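Topology and contacts: notes
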Amino acid sequence: MVGLTSATSTPLRVSNILAHDKTSQDDSGIVNTPSSTHAVQTSAPDPPSPDVTVGTFCHFCCDQATSPRKHECIDCGTIVCEQFLPRSSGCIYLNTVEVGENDFRCPACSRKGDGRDKPLRYAFIGFGRRKKAKTAWPMTIVNLTLESMKDEYLARSVILEAENHFRFFEDNLFTSILRMRGGAHKSESKKLAPGAIFMDRNIKAGFPPNTFLVVDTHSDEYSGMLQHTGGHTGGTNTTITEILNAYLGEEFVKAMKRSSDAARSDKTVKKTVNGNTPWCDLTPNARGGWRGLFMVSCGPAIRVSHHFEAVKDLVENNVVDFVLAFGGSGTLPSTVSNTVRSLVVDTGVFGRTDIWSAVCEMVASSHDFLDYTTAVVVYASTVDNRRVVECRQIGKDIPGTRAFGYEFKSCPTPGCHPAPADMRVHNQNIRVHLRCLKCNWRSACARNDEGNKHFKMLNKLAAPQLFWHHYPPSNDLQNYFVELTNTKQAQPHASQQGKGKRKKSC
């Protein structure tokens, strides 16, 4: 492993680390209450119903649309809502539709073909373009929080965001908060028994649920492993794999796998009234069965080679489909909660299942948290019918602090081993160079208004200061400024013309 702090550890077993379960009658009880974010440990749906409804939402404004104020485009399948009362919400003015359901075309399709210059057959007062295809697809959210972290801010904010979207479809949402403490993994995992039933019921109904795991704890400074007992001091640590196996339980993990298999094997094909392919895919294969893991820790849980391999194995072994972690030495839940909530909603509610593009769009629109940390995304994609795992890190180019969003510490001077704080970043307009405080080495300049062979711009228009690179960083990436300097010094100096001296450039 290159570019990660190495750490060795002895083999870990759940039976050794999380032994002596102290189960009490109260701990093992299952709490079924109406959806609420106040004093709720586990929020499960009422007894199973034979039908599952995911709702119909306008593709322009994302409001719920119901008949007869719901219209579907015969060409692309777009759903457009109509006002139900004068001056109420709606993308079509009340009672202005002059065509039948078999002739209705959305504004986008009406501007195509021979009739593109004709006026619309209704008064459209909504957004000018389609936004997202929202559904209340069944979702499971499990929060694993260290008990000594009293406020549970991250867990409750994620649950509150989900409940807001599922307020009319409470039976489609299962949430649970598991508190990690010594010897409590068996009693806490029992709270997920209704979660496994919830997933099986929805799988049988043809709506395999999406599952999101949010882990909020501390991590060891040297090993990167996560704390599962104790407080700020005196706690014990283990890998993310051991924690998930212990607290989720075998039945819940198998239910996650059944949901994923049911979705990926689904062969449903949907067509519009005119036989075209809809503009958005609403089949179970595209919308359901996704499994995501979010790791939030006040320590380098993703930067240490030993623990990074454990995280990567979760994706390679098809336990989860993607992992979002943070590479800062200290990450507060309040700084990244918006990022976690947004990706849960984008994936589970709006069907943004191309994880990398969803992360790029989300980070480009809200990247203040990258002032303090970096985002590491480990995700699986299918290439030539093969499961391929990609690992990428997103960083922010900050003048004076980070060049291309990365902390460089490579110095070519023999015997000089600078710490990241010793390698200073100097910016001159669109150029940046490094200077070592220990030996006064100065690098050549690189342009930071464009990408290069190691660092790619995330979104040049929306967020030109954001870059991504493959993770873990290679030796070539870490030595980028060293190689750039050596290359420029090896080039022959151009002869100076004229009497005046040429102004020294960066």
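Overview of the structure. (Residues numbered from 1 in each chain as written. Predicted model: local features only at pLDDT ≥ 70, side-chain atom pairs only at ≥ 80, totals over all residues. Heavy atoms only, no water.)

**Examining unusual backbone geometry**
Among all residues except glycine, the phi angle is most often negative; among peptide bonds, the trans geometry is most common. Here the bond from Ser-67 into Pro-68 is cis, since omega is 5°, no more than 30 degrees from zero. Among the secondary structure elements, Pro-68 is positioned in the loop between strand E1 (42–43) and strand E2 (70–72). For the peptide bond that leads from Tyr-471 to Pro-472, omega is 0°, which places it in the cis range. Examined against the element boundaries, Pro-472 turns out to sit in the loop between strand E17 (463–470) and helix H12 (475–478). A positive phi angle, close to 65°, is found at Asn-318, a residue other than glycine. Within the secondary structure, Asn-318 is located in the loop between helix H9 (305–316) and strand E10 (322–326). Asn-318 gets classed as partly exposed once you look at its relative accessible area, which sits at 21%. Here Asn-429, not a glycine, exhibits a phi torsion of approximately 60°, which is positive. Assignment of secondary structure puts Asn-429 in the loop between strand E13 (423–428) and strand E14 (431–436). (Helix = DSSP H or I, 4+ residues; strand = E, 2+ residues; numbered from the N terminus. Buried < 20%, exposed > 50% of the residue type's maximum accessible area, 1.4 Å probe, protein only.)

**A look at the packing of aromatic side chains**
Under the criterion given, the structure shown has 21 aromatic pairs. Plain terms: the ring middles of Phe-104 and Tyr-122 are 5.0 Å apart, the flat faces sit at 25° to each other, and that makes the pair stacked. Within this pair, whereas Phe-104 is found in the loop between strand E3 (79–81) and helix H2 (107–110), its partner Tyr-122 is found in the loop between H2 and strand E4 (139–146), the two being separated by 18 residues in sequence. The class of Phe-104 is buried, set by a relative accessible area of 0%. Both rings, one in Phe-294 and one in Phe-322, keep their centres 5.8 Å apart while their planes meet at 85°; by these two values the pair is edge-to-face. Placement of the pair is Phe-294 in strand E9 (residues 291–297) and Phe-322 in strand E10, with a sequence separation of 28 residues. With relative accessibility at 0%, the residue Phe-322 sits in the buried group. Among the aromatic residues, those joined into a ring-pair cluster are Phe-404, Tyr-406, Phe-408, Phe-455, Phe-467, Tyr-480 and Phe-481. (Phe/Tyr/Trp six-rings, centres within 6.5 Å; stacked < 30°, edge-to-face > 60°.)

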